[in-house]
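# Reading the structure
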Amino acid sequence: MSKVVRVAVVGYGGMGGWHTKRLQEIPGVVELAGVYDIKPERNKAAEENGIHAYSSFEELLADKTVDVVTVAIPNDQHKKVCIQVMEAGKVAISEKPVTLCTADLEEMIAASKRTGSVFTVHQNRRWDEDFRVAEKIAKSGQLGRVFAIQSRVHGSRGIPGDWRNTKAQGGGMVLDWGVHLLDQMNMMMGKMPVSVYATLSNVTNEEVDDGFTATFKFDNDLVFTVEVGTSNFINLPRWYVEGLNGTAVIDDFQVNGKIVIATADEEHDAVPIVTAAGLTKTMAPRTPETISELPLPRIDCDIHDYYRNIAAVVNGEAEQIVTHDQQRQLMKLMEAIFESAEKNQVVYF
Ligand code: NAD
């Protein structure tokens, strides 16, 4: 019988708190051993919430009942703390982004090989329904050959006023939201792009990017655009998928949107639109009898599958879902975005 896997969380901030909740929702699979935060007031807050708080990181590492440690602290500290976790013989889960550069990632992977401890990353947005629906539509063939996909998130509050504002701590939106959207792109495409051209924005913040647009070209001529904006008071759609036979739009995380597909050839000439500057047939709408509007499919996604996988890995029943090679690819894409933006040039992979 599979043992119940015990997980401790380092960092009891926004995301550490989220982990502690999810870990308590699948009894019989995982259980929360406790937390450790460098700030005493956060440990106190944990205890007030009925969660055991370790008195030090060393005490947490010395707890022989702990199998797995989730590291939910600022990005620049993931490497050091995850390596210490692995050296203590425990599974290390790093929050995303795994770290700040390929060289650091390779040190973490080397530590996993040296210690024999599993090392993986919390790429939780693989369980977002909007992503799963976009992926399903793109792969279904119902739009015909898909030639362009846009994936974007927009907000209007700039970068949170914490460590995300500082370069040394791994701030900026490429590392924060970009890493999620790029991981989703990698899952959808299953291969490396051929090239990327990227621009970074610094609307509210000089030190780190507060948004970016990256245009990836794939070898089948598919163009995949990834965009993050934090100064957008009107959001563009979360997903826009274009095929030769139809278009799908997913407006938001709640999966509102629609699919429009061509059902027949147009028998009659388009009725032109009159604009101040002249007539246009090219931009005239399709005649209603030649298109069909369909609802978006819905997909059951359960975020707890992330920790179910971790438990299965500890019990020797499964391979880790988030692999080292996937992390290498993600880091390469993020580094290429920075390089392209800095040089104002296309970067080839
Ligand atoms: P946060 O600032 O809310 O919390 C970080 C906590 O870590 C703070 O309480 C801080 O005191 C503590 N801390 C700092 N250094 C520490 C150390 N050495 N040992 C123990 N505790 C330490 O930040 P956050 O929003 O929770 O982000 C933490 C990590 O989670 C980041 O890597 C971030 O990118 C990631 N994150 C992931 C998601 C996701 O969806 N996967 C969402 C938000 C944040």
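These numbers come from a predicted model, not from an experiment. (Residues numbered from 1 in each chain as written. Predicted model: local features only at pLDDT ≥ 70, side-chain atom pairs only at ≥ 80, totals over all residues.)

## As for helix α1 (residues 14-23)
Residues Gly 16, His 19, Thr 20 and Leu 23 constitute the buried set of α1. Along the long axis of α1, the arc covered by the buried residues comes to 100°, so they all point the same way. Residues of α1 that are exposed and point over 90 degrees away from its buried face: Gly 14 and Lys 21. (Buried ≥ 20, exposed ≤ 12 C-beta atoms within 10 Å, placed from the backbone. Helix = DSSP H or I, 4+ residues; strand = E, 2+ residues; numbered from the N terminus. Arc of directions from axis to C-beta.)

## Section: the confidence of the model for the chain
Averaged over every residue, the pLDDT of the chain is 97; the share at 70 or more is 100%. Interface confidence for the predicted complex, given as ipTM, is 0.99, next to a pTM of 0.97. (pLDDT = per-residue confidence, 0-100.)

## Re the UniProt feature "domain: Gfo/Idh/MocA-like oxidoreductase N-terminal" (unreviewed entry) in the chain
The UniProt record marks residues 5-121 with the feature "domain: Gfo/Idh/MocA-like oxidoreductase N-terminal" (unreviewed entry), using the residue numbering of this structure. The span residues 5-121 is 42% helical and 21% strand by assignment, and the distance between its end C-alpha atoms comes to 17 Å. (UniProt positions renumbered as here; feature names shortened; annotations may be inferred.)

## Thoughts on the domain arrangement of the chain
Structurally, the chain comprises domain 1 (5-122) and domain 2 (126-256 + 296-301 + 333-348). Using C-alpha coordinates to define each centre, domain 1 is positioned 28 Å away from domain 2. Listed per partner, the contact involves eight residues of domain 1 and eight residues of domain 2. Class assignment of the residues belonging to the side of domain 1 that touches domain 2 gives a composition of four nonpolar, two polar and two charged. (Domains from an automatic or database assignment. Contact = placed C-beta atoms within 7 Å. Nonpolar A, V, L, I, M, F, W, Y, C, P; charged D, E, K, R; others polar.)

## Concerning unusual backbone geometry
The residue after Lys 96, namely Pro 97, is reached through a cis peptide bond having omega -15°. Mapped onto the elements of the fold, Pro 97 is located in the loop between β4 (91-95) and α5 (102-115). Of note, Asp 221 is a non-glycine position whose phi angle comes to about 75°, a positive value. Within the secondary structure, Asp 221 is located in the loop between β8 (211-217) and β9 (223-229). At Val 255, a residue that is not glycine, the phi angle is positive and equals roughly 65°. Here Val 255 lies in the loop between β11 (246-250) and β12 (257-262). In this structure Val 255 comes out as buried when scored by C-beta crowding, with 21 C-beta atoms within 10 Å.

## Quick word on the site of the ligand
Neighbouring residues of the ligand: 25 residues in total, closest Gly 11, Gly 13, Gly 14, Met 15 and Glu 95. The element best represented in the shell around the ligand is α1, accounting for three residues. When grouped by side-chain class, the residues that make up the shell around the ligand number ten nonpolar, eight polar and seven charged. Counting contributing residues per domain, the shell around the ligand is built from domain 1 (5-122) and domain 2 (126-256 + 296-301 + 333-348), each supplying no fewer than three. (Near = placed C-beta within 6 Å.)

## Details of the nonpolar core
If you look at the biggest cluster of nonpolar residues, it comprises 84 residues, and the most contacted ones within it are Val 7, Val 71, Ala 92, Val 241, Met 334 and Ile 337. Top contributing element to this core by residue count: helix α7 (residues 173-189), with nine residues. Residue-level mapping places this core at the junction of two domains, with at least three residues from each of domain 1 (5-122) and domain 2 (126-256 + 296-301 + 333-348). For Val 241, the contacting residues outside a window of four places in its chain are Ala 134, Ile 137, Ala 138, Leu 143, Val 146, Ile 149, Thr 247 and Ala 248. (Core = buried A, V, L, I, M, F, W, Y, C linked by C-beta atoms within 7 Å.)

## A word on the sheet that holds β8
Pairing is mixed across the open sheet formed by nine strands, whose spatial order is β15-β12-β11-β10-β6-β9-β8-β7-β16. Single-partner strands in this sheet number two, and they are β15 (291-294) and β16 (347-348). In the packing of helix α6 (residues 129-140) onto the sheet, contacts are made with β6 (146-154), β10 (239-243), β11 and β12, and the angle to β10 comes to roughly 0°. (Pairing = 2+ DSSP bridges. Axes fitted to C-alpha atoms, helices over the stretch in contact; angles between N-to-C directions.)

## Remarks on the pairing of strand β2 (residues 30-36)
β2 sits mainly inside the fold: six of its seven residues count as buried. Note that strand β1 (residues 5-10) and β2 share six bridges and pair parallel. Bridge pairing links Val 10 to Tyr 36 in β2. A crossover links β1 with its parallel partner β2, the connecting element being α1, and its sense is right-handed. (Right-handed = clockwise from strand over helix to strand, strands pointing away.)

## Considering the packing of α7 against helix α9 (residues 324-343)
Geometry of a packed helix pair, given as the angle between the helix axes and the separation of the axes. Relative orientation of the contacting elements α7 and α9 amounts to 125°, with a least axis distance of 10 Å. In this view, α7 runs oblique relative to α9, as classed from their interaxial angle. Of the two possible hands of crossing, α7 and α9 adopt the one that is right-handed. Residue-level inspection shows Val 174, Leu 175, Gly 178, Val 179, Leu 182, Asp 183 and Asn 186 of α7 in contact with α9, the latter providing Gln 326, Gln 329, Leu 330, Leu 333, Met 334, Ile 337 and Phe 338. A per-class count over the contact of α7 with α9 returns nine nonpolar, four polar and one charged. (Parallel < 35°, antiparallel > 145°, perpendicular 65-115°, else oblique. Left-handed = near helix turned anticlockwise from the far one by under 90°.)

## Description of the environment of Lys 3
Mapped onto the secondary structure, Lys 3 falls in the segment before β1. For Lys 3, a count of 9 C-beta atoms within 10 Å puts it in the exposed group.

## Digging into the packing of helix α4 (residues 78-87) against α5
Where α4 meets α5, the closest approach of the two axes is 9 Å, and the angle between their N-to-C directions is 5°. Overall, the two elements α4 and α5 adopt an arrangement that is roughly parallel. Mapping the contact onto sequence places Lys 79, Cys 82, Ile 83, Met 86 and Glu 87 in α4 and Asp 104, Glu 107, Met 108, Ala 111, Ser 112 and Thr 115 in α5. Looking at side-chain class alone, the contact of α4 with α5 contains five nonpolar, two polar and four charged residues.

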